[in-house]
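Geometric and topological summary
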Amino acid sequence: MGYYYCIERFLMVTLRPHQQRALDALSKYLKGQCIFPTGGGKTLVAIMDAVREFQKETPQTIVVVAPRILLAEQLCSEFLEHITNVAVLHVHSGETHHQSTTKPAEIHNWSRRAYKHQLIFTTYNSLHRVQESGIDVDTIYFDEAHNSVKRNFFGPTEYFSSNANRSFFFTATRKTSVTINKPGMNDRDVYGDIICRVSAPELVSGGYIIAPKIKAKTFDIQDTRMIGPEVDCGNVLETIDDTDTKKILVCVKSAKQLINLMSHTDFASQLIQRGYSYLYITSKTGAVIDGKKVNREEFFNTLNEWGKDSEKKFVVLHRSILSEGINVSELETVIFMRNMDTIEMVQTIGRVLRLGGTHKTYGLCVVPVYSKVGIATERALQNVVDTVFEKGELLDSVVRK
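Residues numbered from 1 in each chain as written. Predicted model: local features only at pLDDT ≥ 70, side-chain atom pairs only at ≥ 80, totals over all residues. Heavy atoms only, no water.

**A short note on the packing of helix α10 (residues 229–243) against helix α11 (residues 255–264)**
Axis separation between α10 and α11 bottoms out at 9 Å; the angle between their running directions is 85°. By the criterion of interaxial angle, the relationship of α10 to α11 is roughly perpendicular. Across the interface between the two elements, Pro229, Glu230, Asp232 and Cys233 of α10 pack against Gln257, Asn260, Leu261 and His264 of α11. When the residues that make up the contact of α10 with α11 are grouped by side-chain class, the tally is three nonpolar, three polar and two charged. (Axes fitted to C-alpha atoms, helices over the stretch in contact; angles between N-to-C directions. Helix = DSSP H or I, 4+ residues; strand = E, 2+ residues; numbered from the N terminus. Parallel < 35°, antiparallel > 145°, perpendicular 65-115°, else oblique. Contact = heavy atoms within 4.5 Å. Nonpolar A, V, L, I, M, F, W, Y, C, P; charged D, E, K, R; others polar.)

Dropping the structure here:
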């Protein structure tokens, strides 16, 4: 009985009303979608459902699927804050302190030998390895489930939707399809119905997240062909100065733009003069803190430490890695240097809506407008805010062809 979760610890967790509503829904259905805005606490719902399942006498196998290795590792840490004495396996190519493999035979043998509750963390990219292992899965949670509709990921998703005893899909931003050739989350056979939906205004009025505020920073540039690293540098710095905030996320157009900012301008030294530290991360550059290349674990540990430090000023730049899932509760401002699809835009806005220890009363979303891209980004951003945060409606990303 040593692998059972401590009931006393479970009783110490107080769920918010919308989280309890979702947890109740998971007990009533074997399959379905939970749609929460970013910051609504979807992960804790999955954790508490796992806690409940792990109290069964029969050993349970639960799989948690994430879009990125970094998020799989973060989810593992969050689950293990509440669940102890279970066998843990990671199925992805990243480094982890836990046992890991991507070989189906090793997954199968590990599951067969682990005579107790099992918790497996994997990515959409490696989920087919779990499928190929042939193990029986009792419950599977798909985090950021809009990723599951991608062509390479849908096969394993469909398989576990049919073969796992219970399958649940969590996201703030659904991806649906109106063409028979492309999968979408409106496929009820695979994804079930929406069994719990929480609107953004509900979370704002409950004091669980803050509302976004949009600000356009307009620059008078007559010839957009002249826009280069120096222009980007000056415009981003002026935008940062105007925000008058300490913790800022900058979404660059590309890794090339980021590299040019750091290598061909005095952007970094200008940040330091203003009292800001800086971090950036892309697949091309790797992770960098104040000019020093570091591993990803150090990068995210530092990002979280600085986020919790109310006096620390920093600017973190990225292309897409920080768009979904990664928690940094103290970010105050996001600067959009590029346009995005609906899903990534909603996810990016959510980076600055989480409550923290600071006094922030809204999440500032700034668009430097000095090209057609800036104008389009401002319009798209306003549409997202109006639909999701003002009207409280779903804003699905729809595949039409």
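On we go.
**Quick look at the sheet that holds strand β9 (residues 211–218)**
The strand order across the open sheet formed by eight strands is β9-β16-β15-β10-β14-β11-β12-β13, and the pairing between neighbours is mixed. If you trace the sheet from one side to the other, it starts and ends with β9 and β13 (292–294), each paired once. Here the average twist between neighbouring strands, direction ignored, is 20°. Here strand β11 (residues 277–282) runs beside strand β12 (residues 286–289); their pairing, made up of four bridges, is antiparallel. Of the residues in β12, the one forming a bridge with threonine 282 is glycine 286. Packed onto the sheet, helix α13 (residues 296–308) meets β10 (247–251), β11, β12, β13 and β14 (314–318) and runs at close to 140° relative to β11. Each of β9, β10, β15 (333–336) and β16 (362–369) is contacted by helix α14 (residues 342–350), which is oriented at about 150° to β15, the strand it contacts most. (Pairing = 2+ DSSP bridges.)

**Details of the packing of aromatic side chains**
In total, this model carries 12 aromatic pairs according to the counting rule given. Seen from their ring centres, phenylalanine 154 and tyrosine 191 are 6.5 Å apart, and the 35° between their planes marks the pair as tilted. One end of the pair, phenylalanine 154, is in helix α7 (residues 151–163); the other, tyrosine 191, is in helix α8 (residues 188–191), with 37 residues separating them in the sequence. Residues phenylalanine 154 and tyrosine 191 agree in their burial class; the two are buried. An aromatic cluster is defined as three or more aromatic residues linked by ring pairs; in this entry it consists of Tyr124, Phe142, Phe153, Phe154, Phe169 and Tyr191. Lysine 312 extends its terminal NZ or CZ atom over the ring of tryptophan 306, reaching a point 4.4 Å from the ring centre. The ring of tyrosine 276 carries lysine 313 above its face, with NZ or CZ at 4.4 Å from the centroid. (Phe/Tyr/Trp six-rings, centres within 6.5 Å; stacked < 30°, edge-to-face > 60°. Buried < 20%, exposed > 50% of the residue type's maximum accessible area, 1.4 Å probe, protein only. Lys NZ or Arg CZ within 6 Å of the ring centre and 35° of its normal.)

**Quick word on the pattern of salt bridges**
Close approach of charged atoms allows side chains with opposite charge to pair. This model, assessed by the stated rule, comprises 13 salt bridges. Arginine 188 is the salt-bridge partner of aspartate 193, the closest N and O atoms lying 2.6 Å from each other. Residue aspartate 193 is classed as partly exposed on the basis of its relative accessible area of 37%. The shortest N-O distance in the salt bridge between glutamate 238 and lysine 217 comes to 3.0 Å. (Salt bridge = Lys/Arg side-chain N within 4 Å of Asp/Glu carboxyl O.)

**Here's the deal with the confidence of the model for the protein**
For residues with low pLDDT, the predicted coordinates do not support detailed interpretation. In this model, the protein carries an average pLDDT of 88, and 92% of its residues clear a pLDDT of 70 or more. Contacts for the low-pLDDT stretch residues 1–11, under 50 throughout, to residues beyond four places or in other chains number 27 contacts. (pLDDT = per-residue confidence, 0-100.)

**Re α11**
For α11, every residue scored as buried is listed here: Ala255, Gln257, Leu258, Asn260, Leu261 and Met262. Elements in contact with the buried residues of α11: α10, α12 (267–273), β11 and β14.

**Remarks on the sheet that holds strand β6 (residues 166–171)**
In spatial order, the strands read β3-β4-β2-β5-β6-β1-β8; together these seven strands make up an open sheet with parallel pairing. The open sheet has two edge strands, β3 (87–91) and β8 (194–197), and neither has a second partner. Recorded for the sheet is a direction-independent mean angle of 15° between the axes of neighbouring strands. Relative to strand β4 (residues 118–123), β3 is paired through five bridges, and the arrangement is parallel. Considered in β4, the bridge of valine 91 is made with threonine 122.

**Some points on the pairing of strand β5 (residues 139–142)**
Residues Thr139 and Tyr141 point to one face of β5 and Ile140 and Phe142 to the other, with burial holding for every one of them. With four bridges joining them, strand β2 (residues 61–66) and β5 adopt parallel strand pairing. Considered in β5, the bridge of valine 64 is made with tyrosine 141. Relative to β6, β5 is paired through four bridges, and the arrangement is parallel. For phenylalanine 142, the partnering residue across the bridge sits in β6 and is phenylalanine 169.

**Re the packing of helix α3 (residues 42–53) against helix α4 (residues 69–80)**
The geometry of α3 relative to α4 is characterised by a closest axis approach of 10 Å and an angle of 50° between their N-to-C directions. What the angle tells us is that α3 and α4 run oblique. Crossing handedness for the pair α3 and α4: right-handed. Contacts between α3 and α4 involve Thr43, Ala46, Ile47 and Ala50 from the former and Leu75, Glu78 and Phe79 from the latter. Taken together, the residues of the contact of α3 with α4 sort by class into five nonpolar, one polar and one charged. (Left-handed = near helix turned anticlockwise from the far one by under 90°.)

**Comments concerning the side chain of histidine 90**
Along the chain, histidine 90 turns up in strand β3. Under the relative-accessibility criterion, histidine 90 is labelled buried at 1%. At a separation of 2.9 Å, a polar atom in the side chain of histidine 90 contacts the side chain of histidine 92. Apart from the residues lying within four places of it in its own chain, the contact partners of histidine 90 are Ala72, Glu73, Cys76, Thr96, His98, Gln99, Ser100, Thr101 and Phe121. (Polar contact = N/O pair within 3.5 Å; in protein donor to acceptor, adjacent residues only side chain to side chain.)

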